[in-house]
Amino acid sequence: GQQVQQSPASLVLQEGENAELQCNFSSTATRLQWFYQRPGGSLVSLLSNPSGTKHTGRLTSTTVTKERRGSLHISSSQITDSGTYLCAMGNQGGSAKLIFGEGTKLTVSS
Amino acid sequence: EAAVTQSPRNKVAVTGGKVTLSCNQTNNHNNMYWYRQDTGHGLRLIHYSYGAGSTEKGDIPDGYKASRPSQENFSLILELATPSQTSVYFCASGDAGINTEVFFGKGTRLTVV
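These lines cover the structure that appears in this document, whether it is placed above or below. Worth saying up front: this structure is predicted, and the values here are computed from it rather than measured. (Residues numbered from 1 in each chain as written. Chains lettered and ligands numbered in written order. Predicted model: local features only at pLDDT ≥ 70, side-chain atom pairs only at ≥ 80, totals over all residues. Heavy atoms only, no water.)

Within chain B, the regular secondary structure consists of zero helices and eleven strands. When the helices and strands of chain B are placed in sequence order, the string is β-β-β-β-β-β-β-β-β-β-β. By principal-axis analysis of the C-alpha atoms, chain B measures approximately 40 × 30 × 25 Å. Across the 113 residues of chain B, 50% fall into the buried class. Just so you have it, chain B exposes about 5200 Å², and 49% of that area is on carbon and sulfur atoms. Each charge class in chain B can be summarised by its mean position, and for the 10 positive and 9 negative side chains these summaries are 10 Å apart. (Helix = DSSP H or I, 4+ residues; strand = E, 2+ residues; numbered from the N terminus. Buried < 20%, exposed > 50% of the residue type's maximum accessible area, 1.4 Å probe, protein only. Areas by Shrake-Rupley, 256 points an atom, 1.4 Å probe, with all protein chains shown as cover. Lys, Arg positive; Asp, Glu negative; His and termini not counted. Charge placed at Lys NZ, Arg CZ, Asp CG, Glu CD.)

Bringing the sheet that holds strand β8 (residues 75–78) of chain B into the picture now. All names here are of chain B. The four strands lie next to each other as β1-β3-β8-β7, forming an open sheet whose pairing is antiparallel. If you trace the sheet from one side to the other, it starts and ends with β1 (4–7) and β7 (65–67), each paired once. Recorded for the sheet is a direction-independent mean angle of 20 degrees between the axes of neighbouring strands. The pairing of strand β3 (residues 19–25) with β8 spans three bridges and is antiparallel. Looking across to β8, one finds that Val19 is bridged to Leu78. (Pairing = 2+ DSSP bridges. Axes fitted to C-alpha atoms, helices over the stretch in contact; angles between N-to-C directions.)

A few words on the side chain of Gln33(A). Following the sequence through the fold, Gln33(A) ends up in strand β4 (residues 29–37). For Gln33(A), a relative accessible area of 2% gives the class buried. Within polar-contact distance, the side chain of Gln33(A) engages the side chain of Ser45(A) at 2.8 Å. In this structure Gln33(A) touches Ser45(A), Leu47(A), Ser48(A), Leu86(A), Cys87(A), Ala88(A), Leu98(A), Thr100(B), Glu101(B) and Val102(B), once residues within four positions along its chain are discounted. (Polar contact = N/O pair within 3.5 Å; in protein donor to acceptor, adjacent residues only side chain to side chain. Contact = heavy atoms within 4.5 Å.)

The values reported here are purely geometric and, on their own, carry no functional implication.
Structure below.
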């Protein structure tokens, strides 16, 4: 079946450093959405970006649909950015299915 | 932001019992989803729906039923709960289209003893 691979599995940064998270998918995606989750918390939508580049605050999402990959760049990381970042892909053909990767756990320390 | 409300937030059930998890969304979204999240498996899709009266099997539907009686409500039913169904369950909703977002509820922690 369709698969979503995220890398790295975990990432440790000092406050102020930038983070680059990767998402690769096994089939052509018609949409890609990034989520944030704190331990024990729910998923918060960050960006939905089917193709190209999209910005919000310190976050930049880039999706290259033809190459079946996406990335999330976090600039000037803060301690409060710590948590798990999940990407999810929607497949083609009009299906509503949204398949998740296993996430990147980000830890930002001072 | 879209509001997705799950109930109950916590549930302890006995093996073999029936469990119903409820989800309500107030944003007139067509699509609704049920996922479970377990350590080591991430988020896995159980059932989803395109609208009232529609239910579709996700990637792990065995042991679960779903019901979408209206645009706003989507239930997940465990007819005969088993300990392996102990998990955190998330409901989500969203519209169709490549630029739309999916929004999640706060989750239900289910323990089957």
